[in-house]
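Architecture and fold: a report
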Amino acid sequence: MPLNSPRRSPLVDQVIAALRNQITSGEWPVGSRIPTEPELVEQLGVARNTVREAVRALAHNGLLDIRQGSGTYVAATSELAGVMRRRFAQADPLHVAELRSALETKAAGLAAQRRTEADLRQLDTLLERRERAWDSGDAERFVEADATLHSAVVAAAHNEVLAELYADLGSVVRDFLRADVGPELRPEAHTDHARLVAAIRDRDEATASAEAGAHPFGCRQGTDGTDRS
């Protein structure tokens, strides 16, 4: 006997679309807590059950993470990103670093060929922000600043497919970087990204690729005290 799944009401689908737009537009960044259920009811002008069903649907798709007693948080920016986050949650960190290295090596090489003056200004800004985050001693702030800089390098490659794939891996990258960096910033965990940005500016494809390919292994190597300058 065939099973019939319950159909959502058009209103629930509208609420799902509205909440998804808040996520994909960046209004609700990954890691942020979304408004409470009563707040969403007031903002959207719909019944509590409608909001609850929409939030559960987005949690099922991996975009939201419902934490009992804490609230609901943005877990990913797309359904594919949510799937990747769940799929790779228990992956070998070395394998994640190898995947990052492969993607970022190619992206940096393309960025050295294709970067624009606007790309360079963005990279300079984000490089400075990364250094300020390091100097602040705030590990979470540094993780976000570092990941944002790497995403900008990928964006400078001007390959839409590569950029979207890397964006879908964003939460995976942040989770593993967060684990590598740890709760406190250590001097040996700092890597120089100025050489990468300089190579992209100089259109030095080989150096840019080499620098980007090595960075994903930096924090892991730093834990054993090896030189990572």
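Residues numbered from 1 in each chain as written. Predicted model: local features only at pLDDT ≥ 70, side-chain atom pairs only at ≥ 80, totals over all residues. Heavy atoms only, no water.

1. With respect to the overall build of the chain
Worth spelling out the cut-off: Secondary structure is summarised from DSSP: a helix means a run of H or I of at least four residues, a strand means a run of E of at least two, and numbering begins at the N terminus for each. Note that accessible areas follow from Shrake-Rupley with a 1.4 Å probe, and for residues the cover is restricted to the protein chains shown.
A tally of helices and strands in the chain yields 12 helices and two strands. Taken along its principal axes, the extent of the C-alpha atoms in the chain is 60 × 40 × 35 Å. When the accessible area of the chain is evaluated, it comes to approximately 12,500 Å², of which 51% is carbon and sulfur surface.

2. What to know about the environment of threonine 24
Counted only if it meets this: When accessible area is computed with a 1.4 Å probe and restricted to protein chains, residues below 20% of their type maximum are described as buried, those above 50% as exposed, and intermediate ones as partly exposed.
Residue placement: threonine 24 occurs in helix 1 (residues 10–24). Judged by its relative accessible area of 47%, threonine 24 falls in the partly exposed class. The sequence separation of threonine 24 and leucine 103 amounts to 79 residues, and the corresponding C-alpha distance is 22 Å.

3. Looking at the pattern of salt bridges
Once the charged atoms of two side chains with opposite charge are near each other, the side chains can pair. Note the following rule: Counted as salt bridges are all cases of a side-chain nitrogen of Lys or Arg within 4 Å of a carboxyl oxygen of Asp or Glu.
This model, assessed by the stated rule, comprises 17 salt bridges. When the shortest N-O distance is used, the salt bridge between glutamate 37 and arginine 52 registers 2.7 Å. You can see glutamate 37 sitting in helix 2 (residues 37–44) and its partner arginine 52 sitting in helix 3 (residues 48–60), a full 15 residues away along the chain. By relative accessible area, glutamate 37 is classed as partly exposed at 22%. Relative accessible area serves as the criterion here: at 29%, arginine 52 is assigned to the partly exposed category. Counted as one network, the salt bridges with shared partners bring together Arg85, Glu140, Glu144, Arg174, Asp175 and Arg178.

4. Here's the deal with the side chain of arginine 130
The following threshold applies: Pairs of N or O atoms within 3.5 Å make up the polar contacts considered here, provided that, within protein, one atom can donate a hydrogen while the other can accept it, and that residues adjacent in sequence are counted only when both atoms are side-chain atoms. Note on contacts: a residue pair qualifies if any of its non-hydrogen atoms lie within 4.5 Å across the two residues.
The residue arginine 130 is located in helix 6 (residues 117–136) in this model. Residue class for arginine 130 comes out buried when judged on its relative accessible area of 1%. Looking at arginine 130, its side chain comes within polar contact range of the side chain of aspartate 146, at 2.6 Å. When near neighbours in sequence (up to four residues on either side) are disregarded, arginine 130 contacts Phe142, Ala145, Asp146, Leu149, His190, Thr191 and His193.

5. With respect to the confidence of the model for the chain
Filter applied, for reference: The score called pLDDT rates the predictor's confidence residue by residue, from a low of 0 to a high of 100.
Per-residue confidence for the chain gives a mean pLDDT of 87; residues scoring 70 or more make up 92%. Ranking the elements of the chain by mean pLDDT puts helix 12 (residues 218–222) last, at 53, and helix 10 (residues 194–201) first, at 98.

6. Side note on the layout of surface pockets
Note the cut-off: Definitions used throughout: a 1 Å grid over protein atoms alone; a cavity as a set of points that fits a 1.4 Å probe which cannot get out; a pocket as an open set with protein on both sides within 12 Å along at least five of seven lines; a lining residue as one with an atom within 4 Å of a point. Grid points are joined across faces, edges and corners, and a volume is the space filled by probe spheres set on the points. Residue polarity follows a fixed list, in which Ala, Val, Leu, Ile, Met, Phe, Trp, Tyr, Cys and Pro are nonpolar, Asp, Glu, Lys and Arg are charged, and the others, Gly among them, are polar.
In this structure, the largest pocket occupies an estimated 510 Å³ of space. Along the wall of the largest pocket there are 24 residues; nearest its centre are Thr77, Ser151, Ala167, Gly170 and Arg174. Of all the secondary structure elements, the ones that give two or more residues to the lining of the largest pocket are helix 1, helix 6, helix 7 (139–155), helix 8 (160–168) and helix 9 (170–181). The biggest single contributor to the lining of the largest pocket is helix 7, with six residues. Looking at the lining of the largest pocket residue by residue, the class counts come to 13 nonpolar, nine polar and two charged. A volume near 320 Å³ is recorded for the second largest pocket. What lines the second largest pocket is a set of 18 residues, among which Glu37, Val55, Ile66, Gly71 and Thr72 lie closest to the centre. Looking at the lining of the second largest pocket, the element that brings in the most residues is helix 3, giving four residues.

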